[in-house]
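Results of the structural survey
Single-letter residue listing:
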Amino acid sequence: MNHRIIVCDDDLHITRAVSMKLRRAGFDVEVCRDGRYGLEASERKRPDLVITDYQMPRLDGFGLIAGLRELPGLDEVPVILLTAKGYELDHEQIKAEFRVTEVLVKPFSPRELLSLVNSILAIEAPVGA
Amino acid sequence: MHRRRNIVTAIGIPTLVVGLLPAACAYSLTAEIVVAAVCLTGSVLTGAVAAIVVGRHVASAQARLRCQDLCTRRGAGVGFLSGIVDEAARIVDSAESRAADAAALRAQFEAREHIQNVRLAQLEAAIEMLRDGVFVLDNEGRLQLDNLAARQLMDAVGAAEDRLEQLEKIPALPKLFQECLRKNRSAGRQLAEFELRVGDEPRTFGAMAERMPGNRGIVMVVTDRTETELARTRHAEFVSSVSHELKTPMASIKAYIELLMDGDAADAEEQQELYGFIDGQIDRLTEMVNEMLNLARIESGVIKIQREDIELNDTLNKAVGVVVPVAAEKEISLVCELSDLYLPLHGDGDLFSQAILNLLSNAVKYTPSGGEVRIKSRMDDDKNAVIEIRDNGMGIPAESLPHIFDRFYRVPENNKAASGTGLGLAFVHYVITDIHSGSIAVDSVVDQGTTITIRVALGHLRKQKPVEPVALSSSV
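An account of the accompanying structure is given in this report. (Residues numbered from 1 in each chain as written. Chains lettered and ligands numbered in written order. Predicted model: local features only at pLDDT ≥ 70, side-chain atom pairs only at ≥ 80, totals over all residues. Heavy atoms only, no water.)

In this section: the overall build of chain B. When helices and strands are tallied, chain B shows 13 helices and twelve strands. Long-range contacts, defined as pairs at least 24 residues apart, comprise 59% of the intrachain contacts of chain B with a sequence gap of at least 6. Carbon and sulfur atoms make up 57% of the accessible area of chain B, which totals about 27600 Å². (Helix = DSSP H or I, 4+ residues; strand = E, 2+ residues; numbered from the N terminus. Contact = heavy atoms within 4.5 Å. Areas by Shrake-Rupley, 256 points an atom, 1.4 Å probe, with all protein chains shown as cover.)

This is the structure in structure tokens:
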């Protein structure tokens, strides 16, 4: 069965690009446009990985992660945080405090993202990716 | 030496003569001879005493010399007397000319003192007027001088027995004073910072103290840094939000380009779609950079305004056209209720359109999916047009309303909801009020929505139009 990945970002181009890349690699991707939708989608069906932006309306990235950590069975779900805020945020502190696996600064490379996803889910890199 | 001998001679001879008087009486000389002798002796004695007294008081080498000169003139008594008179006259002349010099000196001194008093008054007035608080303390910490700003600062801490007690209520200042006292002048200025509530507002102050030359005490100057700090913070936030704004379209471009390079597009059609997105994002980047440059140009006064006769609704429609796809993407309904009337405006169509676009974009940005944005235009009496942009979105908190047109200001609650430069409304305000002499008002309730109302004078310059031209400011 394919791994389920939830991608949250209010920037529709980012969600489009990321979902295209991940679907091509064989993942089952659900796209959400803010943290609240992301939390609902996670509750509906447990994801194997969540990729979320930081700045979003209604519920931001931190809010989503905090919400996930409180849901039964979801507190261990790996999270990749996307953000345009580079040096303004303390990445190590975020990773420790929110148990975020990695922080990717925008603009990011979809190739790198895929490689990261693969390593987190401990998948051998498929030929040609 | 000479003087003493001559004095002795001058006194001795008459004394001898007087001493001989009893002898003369004894030898029955005539009374007249005795009287003449006494008179002669008296005058010689007086002259000698006068010479001595004057000589002693006019302690100049010249007078002494003359006296000596006089004393050595052992000529006839008459020559001696006229010499004394001459000398007395010379002394009086000299005293008079010295008195004249003294008077001139006094006049000079008074003139200089007057100039210095004027200068002092000017300096005191200047110090009194300074925005910074100035305190001068002696080495014992006693307040010698303060200006208005200093007194206002002290009054801010409340009433006290005296000024010094007030000063002590701002702990940073006595501490700074002590610091300065401990060190000598070569240590230079000592600095401190502190915060103080002035009225209702917390304000930030910087203080510096320095020893006066000649160990005359210590000067302290206190500057209100609140505005500077605020400007610095806002600027830092602006830089941060600008870089964020630029990164967003860059991120899309980067992502799509990589997909295309890796052949991730499903087919040629999807490829074209991605190229289109990239193109659009570059346009967005360009627009953003232009917005920033525009505002920078406005700040430095270099912006070129091109006024012409335009129709207001055309300008509004242009802006609406740009927003339609953005609104559609977010599923926000965009309602246009523009007037049927021809609304003549003499202004810069591009700038006006850009301003309206900013307002419409904001309305869409801060309204959630499914909401509504409405734009209306109408003629209000026959001199002015009114434009209204209304949304049912997030709204603006009351405490933010007075600041929304400030450069770089962003409503704090919005920071997480959407990105922005804080320049859009500053630009709008400038275009509407400064360039088009109009007015702009905002009404808003949190979670209910916002209404922006613009009033602008109508009229074309060309005489053909029936509407009376309204005197607008001429082209820059």
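Let us look at the interface of chain A and chain B. Each partner contributes to the interface: chain A provides 26 residues, whereas chain B provides 27 residues. Between chain A and chain B, roughly 2500 Å² of surface is buried when both sides are summed, and carbon and sulfur atoms account for 50% of that area. Counting the surface chain A buries against chain B, the share from its top three residues, H13, R16 and M20 of chain A, is 24%. Applying the counting criterion to the chain A and chain B interface returns six salt bridges. Across the contact surface, chain A and chain B share twelve residue pairs in polar contact (both at pLDDT 80 or more). Of all the secondary-structure elements, those providing two or more residues to the side of chain A that touches chain B are α1 (12–24) and α5 (110–120) of chain A. Broken down by element, the side of chain A that touches chain B gets its largest block of residues, eight residues, from α1 of chain A. (Buried area = accessible area lost by both parts, 1.4 Å probe. Salt bridge = Lys/Arg side-chain N within 4 Å of Asp/Glu carboxyl O. Polar contact = N/O pair within 3.5 Å; in protein donor to acceptor, adjacent residues only side chain to side chain.)

Residue and element names in this part refer to chain B. Between helix α11 (residues 349–365) and helix α13 (residues 424–435), the least distance of the axes is 9 Å, while the angle of their chain directions is 140 degrees. The angle between the axes of α11 and α13 places the two elements in the oblique class. Crossing of α11 against α13: the hand is left-handed. Between α11 and α13, the contacting residues are L351, F352, Q354, A355, N358, L359 and N362 on the first element and G424, L425, F427, V428, V431, I432 and I435 on the second. Of the residues belonging to the contact of α11 with α13, the class tally is ten nonpolar, four polar and no charged. (Axes fitted to C-alpha atoms, helices over the stretch in contact; angles between N-to-C directions. Parallel < 35°, antiparallel > 145°, perpendicular 65-115°, else oblique. Left-handed = near helix turned anticlockwise from the far one by under 90°. Nonpolar A, V, L, I, M, F, W, Y, C, P; charged D, E, K, R; others polar.)

This part takes up the pattern of salt bridges. Under the counting rule described, the total for this entry stands at 36 salt bridges over all chains. The salt bridge partner of E179 of chain B is R182 of chain B, with a shortest N-O separation of 2.9 Å. In this pair, E179 of chain B and R182 of chain B both sit in helix α7 (residues 172–182), three residues apart, roughly one turn of the helix. Where R455 of chain B meets D380 of chain B, a salt bridge forms, and the shortest distance between an N and an O atom there is 2.3 Å. Linking R455 of chain B in strand β12 (residues 449–457) with D380 of chain B in strand β9 (residues 372–380), this pair joins segments that are 75 residues apart in sequence. With relative accessibility at 31%, the residue R455 of chain B sits in the partly exposed group. One continuous salt-bridge network, built from bridges that share partners, spans K21, R24 and R111 of chain A together with D262 and D264 of chain B. (Buried < 20%, exposed > 50% of the residue type's maximum accessible area, 1.4 Å probe, protein only.)

Residue and element names in this part refer to chain A. The sheet built from five strands is open, its strands ordered β2-β1-β3-β4-β5 with parallel pairing. At either end of the open sheet lies a strand with only one pairing partner, and these are β2 (28–32) and β5 (102–105). The mean inter-strand angle of the sheet, taken between neighbouring strand axes irrespective of direction, is 20 degrees. As defined by bridge partners, strand β1 (residues 4–8) adjoins β2 across five bridges and the pair is classed as parallel. Residue pairing for β2: I5 is matched across the bridge by V29. (Pairing = 2+ DSSP bridges.)

In this structure, L312, F352, I356 and L360 of chain B are the most contacted members of the largest nonpolar core, which totals 50 residues. Broken down by secondary-structure element, the contributors of at least two residues to this core are α8 (226–261), α9 (268–299), α10 (312–329), α11, β9, β10 (384–391), α13 and β12 of chain B. The leading source of residues in this core is α11 of chain B, at nine residues. Apart from the residues within four sequence positions on either side, L360 of chain B is in contact with A319, V320, V323, L334, V373, I375 and I389 of chain B. Counting 23 residues, the second largest nonpolar core, distinct from the first, contains L39, L59, L64 and L68 of chain A. (Core = buried A, V, L, I, M, F, W, Y, C linked by side-chain atoms within 4.5 Å.)

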